[in-house]
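As a plain string of letters, each chain reads:
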Amino acid sequence: MSRKRLKTISCIPPWSRPAPGSIREAIDSDINFSWHGVSVQVPEQPRKGLPAKVILDSINGEVKAGSLLAIMGASGAGKTTFLNLLTDRTASGLQVNAVLAINNNAIKPSDVRKISSYVQQQDLFFSSLTVLEHLTVQALLRMNRELSRKERLQRAQDVLHELGLSDVVNSYIGSVFGRSRGISGGQRKRLSFATEVLTDPPLLFVDEPTTGLDSFAAETVVRHLKNMSEKGRTVLCTIHQPATEVFNCFDELLLLAEGRTAYLGARSDAVAYFSNIGYACPHDFNPADFYIYTLAVVPTEKERTLKQIKQITDKYREVEESSGITERMIPKPSVQVMETVKSLGDQYGETVFTQLSVLSRRTLRLTLRNMIMIHLNVMATVVVCVAMGLFYLNIGSHEDIVRRVQGVTGAIFLLIAVFSYHGAGNIAQIVPVEHPIFVREYESGTYSPAVYFICKYLATLPVVLMLQLGATSITYFMFGLAASAKRYFIFYAANVMVMLCAESIGYIISAVAGSNLSVAFALTPVGIVPLMLFGGVLLNLNSTPDYVVWLEAISFLRWGFEVAMVNEFQEEFLQNCTGVNPTQLCFNNGSQVLERFGLDTGVSSIGRNFGILAALIVGYRLIAFTITIILLRIRVKR
């Protein structure tokens, strides 16, 4: 009787039925997942003198629907490479050969992503979100778009209940490190499961779920995996030397050694199998430990242990060939299966508008909850601006014209330079911390990178406007600049535009640095200092060498400084220089001041410069986005 007929007469237990609108419901079938001729090799690198190396060597196997498979082996056995290949995450540069199949129908590795979810070893979350807030975002962005908002939120609640997280739905996730402690390590791992099973995929891959957990938490986590498999899912899980209680939760066992299969079958039959080939497990010994010790390469006995591993893997290959398993499982192409899997791309993944709406709310929430950073920025702004105001107190109204010009010029440039470095450093410090989460959500197809950047840009804008309003209000009046509301707001707008340009440089730096904070910190002065040289004070713009004149064009400090200077000195009479000794410095009017620094003397330059600053903001951010996309496609296979 067909599966469809069984569903029609409702013989499937309610607890194993697919969730409405889920991937399992769309597939309309239990999934037996198999792999055939899986081989991975690092090619020879003659320039480095490195020979070719085989990581995986012709691995075959199958895991039945509703089973929990443990993939085990000593370090270097090929577990991670094998799991990455099954999930289409193999690193570039490797020579790969494999045929994957569901229900004996060949399927492209890239299509495996559409019917599966992958729980990675490291749990990455935004610490200032609650458990429910995190899962709500995932439900709204990743579930079937045909489901209503109410149905998606109900599904999130159901998954939280299924995984025993109902008691912590309103708790902050927190961080494993630092002071923002939240839910426990076991709960974080179960939240990772919840994130990936929202769409109810028939295939679930899990990488080292017990890492960093105590024995009780580890057993709890694996039992939840067991419950998931009992509900009809096919679960494959790498695990490293589990305790006996944890090991006994698994249905099937795949043992890898030096890239070859040492055993694949029922966990309960493994002890007898090894005993039959001459490797009996002691009665009071944890079988999982026994298998690892038996299949590990001991550095001091390398020749003997390699020989032992070859003997065991050769024996399994003989059993595999004599049983005819490989021939019976040869996959066949199926147009129907391929069309069904392909159609999933039209049902899952939200529209750009929904992505913008959901992600902007999350980004704004994260920004507002990062109170430590907000307080530090406010305090730093007040302290720096008050200190600068005291150094240049009333310099704008000083009787000595030369001292006034020198003081105002220095004050304006220093203010712009300080906030340029501050703006770039802020972004270069924050974005790399979020980068691993961004990459993971990009891999899972939660949203497009363009949406992430747009939301990030919009979320930082209110902070920039607030900080620059405070900075301008403090410095403008303490400096004693022109008492004019119009000039005040032009000065404020110039500071805002310069800060946004600096943040744009920060995005470029963070795009290059990725998640490496040290690189981001090192690149910050490299990105800002050269542009400071062409800001209009450290180097006279009339004497800029031709071969670096392009740096002057892209220096946002130069255009921001010019706006502030023209705003302060335009068409202003300063003093009568008639009869003054030619050797003495004297300024008849503001135009002479601007000419001395190589700045434009026209009032219309203010509007033009704001246009240039806006173009630089867009240009810098497009460069940052382009670099991010290029590096993402190099680092992430999607």
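Just so you know, these numbers come straight off a predicted model, no measurement behind them.

## Notes on a nonpolar patch on the surface
Step number 1: A cluster of nonpolar residues, Val378, Val382, Val386, Leu390, Phe391 and Met466, forms a patch on the protein surface that exposes about 540 Å² of accessible area.
Step number 2: A total of five residues in the nonpolar patch trace back to one element, the largest contributor, which is helix H16 (residues 371-391).
Step number 3: Mapped onto the elements, Met466 comes out in helix H18 (residues 449-479).

## Quick word on the packing of aromatic side chains
Step number 1: Summed over all chains, the structure comprises 27 aromatic pairs.
Step number 2: Plain terms: the ring middles of Trp35 and Phe82 are 5.4 Å apart, the flat faces sit at 70° to each other, and that makes the pair edge-to-face. Placement of Trp35 in strand S1 (residues 33-42) and of Phe82 in helix H3 (residues 79-86) is noted, with a sequence separation of 47 residues between them. Pair check on accessibility: Trp35 and Phe82 agree, each one buried.
Step number 3: Ring geometry for Tyr457 versus Tyr507: centroids 4.8 Å apart, planes at 75°, classification edge-to-face. Within this pair, whereas Tyr457 is found in helix H18, its partner Tyr507 is found in helix H19 (residues 485-513), the two being separated by 50 residues in sequence.

## A short note on the side chain of Thr381
Step number 1: Take Thr381: it is sitting in helix H16.
Step number 2: Thr381 gets classed as buried once you look at its relative accessible area, which sits at 5%.
Step number 3: Those residues within four positions of Thr381 in sequence are excluded, and the remaining contacts are Phe419, Leu467 and Ala471.

## Description of the environment of Ala380
Step number 1: Within the secondary structure, Ala380 sits in helix H16.
Step number 2: With relative accessibility at 33%, the residue Ala380 sits in the partly exposed group.
Step number 3: Each C-alpha atom of the pair Ala380 and His422 lies 9.6 Å from the other, and the pair is 42 residues apart in sequence.

## Overview of the packing of H18 against H19
Step number 1: Closest axis-to-axis distance for the H18/H19 pair is 9 Å, and the angle between their directions is 140°. On the basis of their axis angle, the class for H18 and H19 is oblique. In terms of crossing hand, the pair formed by H18 and H19 is right-handed.
Step number 2: Broken down by class, the residue content of the contact of H18 with H19 amounts to 15 nonpolar, six polar and three charged.

## Points about the nonpolar core
Step number 1: Of all hydrophobic cores here, the largest spans 96 residues; its most connected members are Phe33, Trp35, Phe82, Leu236 and Phe274.
Step number 2: Sorting elements by how many residues they give to this core places helix H8 (residues 215-230) first, with six residues.
Step number 3: If we skip the residues at most four places from it in the chain, Leu236 touches Phe33, Trp35, Val63, Leu69, Ile71, Leu86, Leu203, Leu204, Phe205 and Val206.
Step number 4: Membership of the second largest hydrophobic core comes to 82 residues, among which are Ala417, Ala424, Ile528 and Met532.

## Topic: the pattern of salt bridges
Where charged atoms from two side chains of opposite charge approach closely, those side chains can pair.
Step number 1: Taken as a whole and judged by the stated rule, the model has 24 salt bridges.
Step number 2: The salt bridge partner of Lys189 is Asp123, with a shortest N-O separation of 3.1 Å. Here Asp123 lies in the loop between strand S6 (116-119) and helix H5 (131-142) and Lys189 lies in helix H7 (residues 185-197), a separation of 66 residues in the sequence. Comparing Lys189 with Asp123, the two get one shared label, buried.
Step number 3: Asp251 is paired through a salt bridge with Lys226; the nearest N and O atoms lie 2.2 Å apart. With Asp251 in the loop between helix H9 (244-247) and strand S9 (252-257) and Lys226 in helix H8, this residue pair connects regions lying 25 residues apart in the sequence.
Step number 4: Given the relative accessible area of 22%, Asp251 is considered partly exposed.
Step number 5: What makes Lys226 buried here is its relative accessible area of 18%.

## Thoughts on the packing of helix H10 (residues 267-276) against helix H11 (residues 287-295)
Step number 1: H11 packs onto H10 with a crossing angle of 40° between their chain directions and a minimal axis gap of 11 Å. As the angle between them shows, H10 and H11 are arranged oblique. For the crossing formed where H10 meets H11, the hand is left-handed. Mapping the contact onto sequence places Ala270, Val271 and Phe274 in H10 and Pro287, Phe290 and Tyr291 in H11.

## Remarks on the confidence of the model for the chain
Predicted coordinates in regions of low pLDDT should not be interpreted in detail.
Step number 1: In this model, the chain carries an average pLDDT of 84, and 88% of its residues clear a pLDDT of 70 or more.
Step number 2: When the criterion is pLDDT under 50, residues 1-15 qualifies, and its contacts beyond four places in sequence or with other chains add up to 14 contacts.

## So, the sheet that holds strand S10 (residues 260-266)
As a general point, the strands of a sheet are linked pairwise by backbone hydrogen bonds and lie either parallel or antiparallel.
Step number 1: Read across the sheet, six strands follow the order S6-S7-S8-S3-S9-S10 without closing on themselves; strand pairing throughout is mixed. Looking at the sheet topology across the chains shown, the edges are occupied by S6 and S10. Ignoring which end each strand starts from, the neighbouring axes of this sheet average 15° apart.

Conventions adopted
- Each chain has its residues counted from 1, running along the sequence as written.
- For a predicted model such as this one, the threshold for reporting local features is a pLDDT of at least 70, and the threshold for listing and counting side-chain atom pairs is 80 or more; totals across whole chains, interfaces and linings nevertheless cover every residue.
- Each side-chain value is worked out from all heavy atoms of the structure, with water and hydrogens disregarded.
- Residues forming no salt bridge and having over 30% relative accessible area are the ones grouped into patches, like charges within 9 Å of each other and nonpolar side chains (Val, Leu, Ile, Met, Phe, Trp, Tyr) within 5 Å.
- Computed with a 1.4 Å probe, the accessible areas rest on the Shrake-Rupley method; for each residue, only the protein chains presented here act as cover.
- A pair is scored as a salt bridge if a Lys or Arg side-chain nitrogen falls within 4 Å of a carboxyl oxygen belonging to Asp or Glu.
- We count a stretch as a helix when DSSP gives it H or I for four or more residues in a row; a strand needs E for two or more, and each element gets its number in order from the N terminus.
- To pair, rings of Phe, Tyr and Trp, with the six-membered ring standing in for Trp, must have centres within 6.5 Å; the planes then decide the type, stacked if under 30 degrees apart, edge-to-face if over 60, and tilted in the middle.
- A 1.4 Å probe rolled over the protein chains alone gives each residue an accessible area, and that area as a share of the maximum for its type sets the label: buried under 20%, exposed over 50%, partly exposed in between.
- Whether two residues touch is decided by their heavy atoms; if any such pair falls within 4.5 Å, the residues are in contact.
- All axes are obtained by fitting lines to C-alpha atoms, using only the stretch in contact for helices, and the reported angles, taken between N-to-C directions, cover 0 to 180 degrees.
- An angle below 35 degrees is treated as roughly parallel, one above 145 as roughly antiparallel, one from 65 to 115 as roughly perpendicular, and anything else as oblique.
- Put simply, a crossing is left-handed when the front helix is turned counterclockwise from the back one by less than a right angle, and right-handed when it is turned clockwise.
- Throughout this entry, Asp, Glu, Lys and Arg are counted as charged residues, while Ala, Val, Leu, Ile, Met, Phe, Trp, Tyr, Cys and Pro are counted as nonpolar. The remaining residues, Gly among them, count as polar.
- By convention a nonpolar core is built from buried Ala, Val, Leu, Ile, Met, Phe, Trp, Tyr and Cys residues, the set being connected through side-chain atoms within 4.5 Å.
- Confidence of the predictor at the level of single residues is given by pLDDT, which spans 0 to 100.
- Strand pairing is assigned whenever DSSP identifies at least 2 bridges connecting the two strands.

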